[in-house]
Amino acid sequence: MAAGRRRRPAAMAATTDREARVQETARRILAGVAGSRPRRLSREGLQAGLMEWAMADERLKVQLLRFVDVFPTLRSQAEVAGHLREYFADAGLELPRALRWAVRLATAGTPVSPLATAAVRRQLQGFAGRFIVGRDAGDALPSLRALHRQGIGFTLDVLGEAVVSEREADAYQQTYLALVDGLADEVARWPAVPVVDTAAWGRLPRLNLSLKITSLYSQIDPVDFRGSVAAVKDRLRPIVRRVRERGGAITLDLEQHRFRDLTYAVFTSLLEEEEFRGFDDAGVVVQAYLRDADRDLEALLQWAKARDRRFHVRLVKGAYWDYETVVAAQEGWPPPVFTHKGDTDAMYERLTGVLLENSDRLRPAFASHNARSLAVAIETARDLGVPADGFELQMLHGMGEPLRAAVAGLGFRVREYAPVGELLPGMAYLVRRLLENTANESFLRQAVVEGAAADELVRPPRTSPAFGAEPPRLPAVPDTDPGDPGPFRNEPHADFSRRENRDAFDEALTRVRRDLGRHHPLRIGGRDVDTAERLVSVDPSHPDVVVGTAACAGRAEAEAAVAAARRALPGWRAAPPQARAAVLFRAAALLRRQRFDLAALMTVEAGKTRREADADVTEAIDFLEYYGREALRLGAPRRLGHAPGEHNLYFYEGRGVALVVAPWNFPLAILTGMTSAALVSGNTVIVKPAGPTPVVAARLVAALEEAGAPAGTVNYLPGRGAEVGDFLVRHPGVDLIAFTGSMEVGLHIVREAAAHPGEGVKKVIAEMGGKNAVIVDGDADLDLAVSEVVSSAFHYAGQKCSAASQVVVLDSAYDQFVGRLLDAVRSVRVGPAEEPGTRVGPVITAEARERILSYVEQGRREATLAAVGEAPDDGGFYVAPYVFVDVSPQAVIAQEEIFGPVLAVLRAADLDEALAIAGGVRYALTGGLFSRSPATIARVRREFRVGNLYINRGITGALVERQPFGGFKMSGVGSKAGGPDYLLQFVEPRTVTENTMRRGFAPPEDLLGE
Ligand SMILES: Cc1cc2nc3c(=O)[nH]c(=O)nc-3n(C[C@H](O)[C@H](O)[C@H](O)COP(=O)(O)OP(=O)(O)OC[C@H]3O[C@@H](n4cnc5c(N)ncnc54)[C@H](O)[C@@H]3O)c2cc1C
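Figured I'd write up the structure that's included with this text. (Residues numbered from 1 in each chain as written. Predicted model: local features only at pLDDT ≥ 70, side-chain atom pairs only at ≥ 80, totals over all residues. Heavy atoms only, no water.)

## Here we look at the overall build of the chain
Within the chain, the regular secondary structure consists of 34 helices and 33 strands. By the compact-globule yardstick of 30 Å for 1010 residues, the chain fits well, its C-alpha radius of gyration being 32 Å. Counting only C-alpha atoms and orienting by the principal axes, one finds that the chain spans roughly 100 × 75 × 70 Å. Burial status across the chain gives 59% buried among its 1010 residues. For the chain, long-range pairs separated by at least 24 residues make up 77% of all intrachain contacts whose partners lie at least 6 apart in sequence. For the chain, the accessible surface area stands at approximately 39200 Å², while carbon and sulfur atoms represent 53% of it. (Helix = DSSP H or I, 4+ residues; strand = E, 2+ residues; numbered from the N terminus. Rg over C-alpha atoms; globule rule 2.2 N^0.38 Å. Buried < 20%, exposed > 50% of the residue type's maximum accessible area, 1.4 Å probe, protein only. Contact = heavy atoms within 4.5 Å. Areas by Shrake-Rupley, 256 points an atom, 1.4 Å probe, with all protein chains shown as cover.)

## Digging into the packing of helix H22 (residues 577-593) against helix H24 (residues 610-635)
Relative to each other, H22 and H24 sit at 165°, their axes nearing to 9 Å. Comparing their axes, H24 and H22 come out roughly antiparallel. Handedness of the crossing formed by H22 with H24: left-handed. Every residue of H24 that contacts H22 at Pro 577, Gln 578, Ala 581, Leu 584, Phe 585, Ala 587, Ala 588, Leu 591 and Arg 592 is listed here: Val 617, Ala 620, Ile 621, Leu 624, Glu 625, Tyr 627, Gly 628, Arg 629, Ala 631, Leu 632 and Gly 635. Residue composition of the contact of H22 with H24, by class: 14 nonpolar, 3 polar and 3 charged. (Axes fitted to C-alpha atoms, helices over the stretch in contact; angles between N-to-C directions. Parallel < 35°, antiparallel > 145°, perpendicular 65-115°, else oblique. Left-handed = near helix turned anticlockwise from the far one by under 90°. Nonpolar A, V, L, I, M, F, W, Y, C, P; charged D, E, K, R; others polar.)

## Concerning the environment of Glu 870
With respect to the helices, strands and loops of the structure, Glu 870 is situated in the loop between strand S25 (864-868) and strand S26 (882-885). Overall, the relative accessible area of 69% leaves Glu 870 in the exposed class. Through-space distance from the C-alpha of Glu 870 to that of Ala 908 is 29 Å; in sequence the pair is 38 residues apart. Among all residues touching Glu 870, those that are not within four sequence positions of it are Val 830 and Ala 880.

## Observations concerning the pairing of strand S8 (residues 362-367)
One face of the sheet, then the other: side chains in a regular strand alternate in exactly this way. Most of S8 sits out of view: 6 of its 6 residues are buried. Note: strand S7 (residues 311-316) against S8, 5 bridges, orientation parallel. Note that in S8 the partner of Leu 315 across the bridge is Phe 366. Taking the sense of rotation as the criterion, the β-α-β connection linking S8, helix H15 (residues 371-384) and strand S9 (residues 392-396) turns out right-handed. (Pairing = 2+ DSSP bridges. Right-handed = clockwise from strand over helix to strand, strands pointing away.)

## Things to note about the site of the ligand
Every one of the 29 residues lining the ligand counts as a neighbour, but Gly 318, Thr 344, Ser 368, His 369 and Phe 443 are closest to it. Within the side chain of Lys 317, an N or O atom sits 2.8 Å from an oxygen atom of the ligand. Interatomic distance of 2.8 Å between a backbone N/O atom of Ala 319 and an oxygen atom of the ligand. Protein chains bury 94% of the 930 Å² of accessible surface belonging to the ligand in isolation. Among the secondary structure elements, those contributing two or more residues to the shell around the ligand are strand S6 (282-287), S7, helix H14 (341-357) and S9. No other element matches the 3 residues that S9 contributes to the shell around the ligand. (Near = heavy atom within 4 Å. Polar contact = N/O pair within 3.5 Å; in protein donor to acceptor, adjacent residues only side chain to side chain.)

## Examining unusual backbone geometry
For Lys 969, which is not glycine, the phi torsion reads 45° and is therefore positive. Checked against the element boundaries, Lys 969 lands in strand S31 (residues 968-969). Even without glycine at this site, Arg 999 takes up a positive phi of about 50°.

## Some remarks on the side chain of Thr 956
When you line up the elements, Thr 956 lands in the loop between strand S30 (948-951) and S31. Leaving out residues up to four positions away in the same chain, Thr 956 has contacts with Ser 792, Lys 800, Ser 802 and Ala 803.

## Examining the side chain of Arg 372
Tracing the backbone shows Arg 372 in helix H15. Judged by its relative accessible area of 5%, Arg 372 is buried. A polar atom in the side chain of Arg 372 sits 2.6 Å from the side chain of Glu 19. Within the structure, Arg 372 has its side chain in polar contact with the side chain of Glu 349 (distance 2.9 Å). Aside from chain neighbours lying at most four places away, what touches Arg 372 is Glu 19, Val 22, Gln 23, Ala 26, Glu 349, Phe 443, Leu 457, Val 458, Arg 459, Pro 460 and Pro 461.

## Digging into the environment of Gly 411
Within the secondary structure, Gly 411 sits in the loop between helix H16 (401-409) and strand S10 (414-420). Here Gly 411 falls in the partly exposed class, since its relative accessible area comes to 43%. It is 18 Å that separates the C-alpha atoms of Gly 411 and Leu 356, two residues lying 55 residues apart in sequence. Once residues lying within four places of it in the same chain are set aside, the contact partners of Gly 411 are Val 195 and Ala 388.

## So, the pattern of salt bridges
In the structure shown here, the tally under the stated rule is 78 salt bridges. Between Arg 145 and Glu 186 there is a salt bridge, with its nearest N and O atoms 2.9 Å apart. Pair noted here: Arg 145 is in helix H7 (residues 137-149) and Glu 186 is in helix H8 (residues 166-189), with a separation of 41 residues, a long-range link. When its relative accessible area of 31% is taken as the criterion, Arg 145 is described as partly exposed. For Glu 186, a relative accessible area of 19% translates into the label buried. Each of Asp 17, Arg 18, Arg 21, Glu 379, Arg 382 and Asp 383 takes part in salt bridges that share partners, so that together they form one network. (Salt bridge = Lys/Arg side-chain N within 4 Å of Asp/Glu carboxyl O.)

## Some thoughts on helix H30 (residues 811-827)
Along its 17 residues, H30 runs 25 Å from first to last C-alpha, staying within 8% of the 24 Å computed at 1.5 Å per residue. The largest bend along H30 measures about 30° and falls at Phe 817. Those residues of H30 that fall on the buried side of the exposure criterion are Ala 813, Tyr 814, Phe 817, Val 818, Arg 820, Leu 821, Leu 822, Asp 823, Ala 824, Val 825 and Ser 827. (Expected span 1.5 Å × (residues − 1). Bend = angle between axes of the 7 residues up to and from the residue.)

## Quick word on the sheet that holds strand S17 (residues 646-654)
What the 3 strands build is an open sheet, ordered S16-S17-S33; its pairing is antiparallel. Single-partner strands in this sheet number two, and they are strand S16 (638-639) and strand S33 (987-995). With 9 bridges connecting them, S17 and S33 associate as antiparallel partners. Residue Phe 651 lies in a different strand from S33, and its bridge partner there is Arg 990.

## Observations regarding the packing of aromatic side chains
As enumerated under the stated definition, the model contains 20 aromatic pairs in all. When the centroid spacing of 6.5 Å and the interplanar angle of 50° are considered together, the rings of Phe 267 and Trp 303 count as tilted. Highlighted residues: Phe 267 in helix H11 (residues 260-271) and Trp 303 in helix H12 (residues 293-307), separated in sequence by 36 residues. Residue class for Trp 303 comes out buried when judged on its relative accessible area of 8%. Note on Phe 267 and Phe 311: the rings are 5.2 Å apart at their centroids and 70° apart in plane angle, and the pair reads as edge-to-face. Note that Phe 267 is positioned in helix H11 and Phe 311 in strand S7, a separation of 44 residues in sequence. For Phe 311, a relative accessible area of 0% translates into the label buried. (Phe/Tyr/Trp six-rings, centres within 6.5 Å; stacked < 30°, edge-to-face > 60°.)

## Quick look at the sheet that holds strand S4 (residues 208-211)
Within a sheet, each strand pairs with its neighbour through backbone hydrogen bonds, oriented either parallel or antiparallel. A barrel is described by the order of its strands in space; here 8 strands give the closed sequence S1-S4-S5-S6-S7-S8-S9-S10, paired in parallel fashion. The sheet shows a mean angle of 30° between the axes of neighbouring strands, taken without regard to direction. Sitting on the sheet, H7 touches strand S1 (152-158) and S10, and the angle it makes with S1 is about 150°. Each of S8 and S9 touches H15; the most contacted strand, S9, lies at about 165° to it.

## Overview of the pairing of S26
Both faces of S26 are covered, namely the face carrying Tyr 882 and Phe 884 and the face carrying Val 883 and Val 885. For S25 and S26, the ladder comprises 4 bridges, and the chain directions are antiparallel. Across the sheet, Leu 865 pairs through a bridge with Phe 884, a residue of S26. Taken together, the 3 bridges between S26 and strand S27 (residues 902-908) define a ladder with parallel strand orientation.

What follows is the structure, encoded as structure tokens:
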């Protein structure tokens, strides 16, 4: 085959002629598929019938997908029957007759119920069996041999999605190695079948594997790009080596968009290693549904040219479309995928041309079940003079066999993507296939099930006007106009799969480190005030590094701050809400511009890892934007009642001077939330930051001043809690105290404030911690439950009031869950917060570490220590994650808030007991449930009474406005932060009633004005 970019033959047919040939070929493929509908009473027929029903009724489809998803975890006949009832009978769906009978019989509790349940199980296994080629190499061999005999190649993929521990990643690696060893000799003995054994460039390996990199490293995360690439390669290298030794081929699948760059980096950097220099049978995937897919292919091509390399490229459309669009919408990011199906198809056709033009280097494989897409590949190859064995067509095992036969019948090489594995880890795959088969825009659905007209199926893709435009980037968020703020939107988190964000964070860290050690005087009445005594802020990862110093207020400075705040109060309280909100909006803009610097500062001052620090900044911005809008909503006085001769005005007014006592664990977000709420409501504020984080607090106060907060409205007063804190709580000039911190301090403040009234009874808003439980039901998705419990319990070293500190597991899932949890915890990396691979950073101070370790000692006395992570011993304030199992509900470690990376695991016989344990603590802040039973979810929603209950997700990370946050019982007094009632706590409502009748004359209402 000619090297280099192929020239189009001069005699190439005109475009219209080519289009006619494409359509003709597509029609021929379709003709092969026509009449392929299975007979109604065959097994395939019944399955197809069910799918048709599912497609006709979206609700049934959702229930079916969900049932398929949960099914492998159902251990008993009773569980299967229970879920059948909840998913299908109780949901009030109209069911196809076969399913209606099965559900009725299986759930009737009669002697035939077990038989019916078994029949359902058989059906589902049959379903899965359609898509899975065997449990392992031995099991798969007969099918693979049969395929080969028919002239169909295969590529094997081991089922399973992301792994939760390094042990599981090791197991995946071993499975792949075993697959190579189990197949290589056997396939070598098969008789030659030229169409699959040779290509235009020479011999084709029979043994062909596909692999997902996420199954090779449990801690894979683009935020740790280099570390993830290295760790994946360490496990991949032996596999590729073995594949190569045994004459095989291997392709790295592409998964979710966030792993795309990682996958390409793994691929290219591995092939650049000396030992793989001459290896041409590696492959990689390009997803045409990505808006910048053409750049992906171009980059691969340039890489291949620069190094004179050859490899396989599988062109697909992309299997994660729903996931990508949902995640992007949740995060407020532009979707990385096209949202118009025609655009994906058009990109596929465009890249088909590029691949075939370079097929001497990039060995093309066109993976699709779309007759038009396949026909374009075939006809473009013909136009470019690429021989039939110069490319291949690939299909998924179990999807569209007639299509496969039709294409193979045209004389092209076809390869099946054939998953091996057990049903359980394969469910995510199966659900994806079902989603694909039943999606409205699926070619297979339209062609086979809906019998769409051939003309419609073979026509060129209709693109949207956006096709070909630059992929949208996250637009810079415009500064909010106080006159027209528009609706509130959460500030998007940084997408660390984008290199520019990773680089921006690194650069910010460098800047912050250059700027360390600065001194921050008090700010009182808009002036700097210094003190002889200084507070020293250190980096908890490197305690010998001084982040900065702050003046330390005593009583005199506190007195001065109260005086300044009182002086500023009348003017500020009387200022229009728009003017106050404008300060918040401007401050939000200032924080937005410094977002990475502020996050990096939190990494060094509070020991927050990158994602945690970034989320802290975005939450702070959210509070400013949200409370600004809330103040506008509440600010306008309202007319009440409409009796003639009477004018009633209802309005809110600031309470007075607010003392904000902030915690160190959200040094920017919580401080900003409390301060901005007080300020925008018309109060003046004294900010007493937490001892360990005065530098971050100084940045907020500076931003508020720069944003226009008048002198004296925000006063910065770091100092010692016992001295200046208590003094201010008792001070008669303070009207309101907003506190977030421990229960002990919160209760102390409540008592002191009540005992020392000012002008009136002091208002205290106190958010005070929790002892938060997650319940894991018998049918929970353990992949999800394990990883979310680990992050909820251990991220930021468990130092969040929302953190999970106990997990209550139902008996039937206990052993499996705990086994995987312990492995997962051992896989988590503890280390300096600034290292991108760190998942658990330091705790805040040496005293905090001592306190946490004393609970660990307590735990050793009252429960079984089952796992301890590894913590570096380099002077940082590290505490490894600890997991105690078989903990009694009365144990101290199951009752008290530890505020560190210590997790208690408790066993519950049933849901009643689980709820009793989870609710049997003094706190009621957050809680969680992992379950796939609709009835359990409904009951837990009612009966697990905590402030924030999370179902089937982690229990930290509440978002402003979407998940207003806060608890009750001993978790707090006050309403939820980031919610519609929060500002009401900072104001006094007033009613002014005027008698408008004079001498018997009452003016009409509309003349009265406000
Ligand atoms: C052998 C083989 C290997 C594969 N390997 C991978 C892989 O490594 N990674 C991977 O992600 N996928 C992979 N896939 C799956 C593939 O990406 C497609 O999901 C699947 O083949 C369906 O595309 P189609 O061309 O067959 O069908 P079609 O029905 O023509 O296209 C369906 C596809 O169009 C896209 N789409 C659907 N709705 C919209 C919309 N509203 N806007 C824009 N686009 C839309 C989606 O990608 C959807 O899957 C593989 C498929 C095969 C056959």
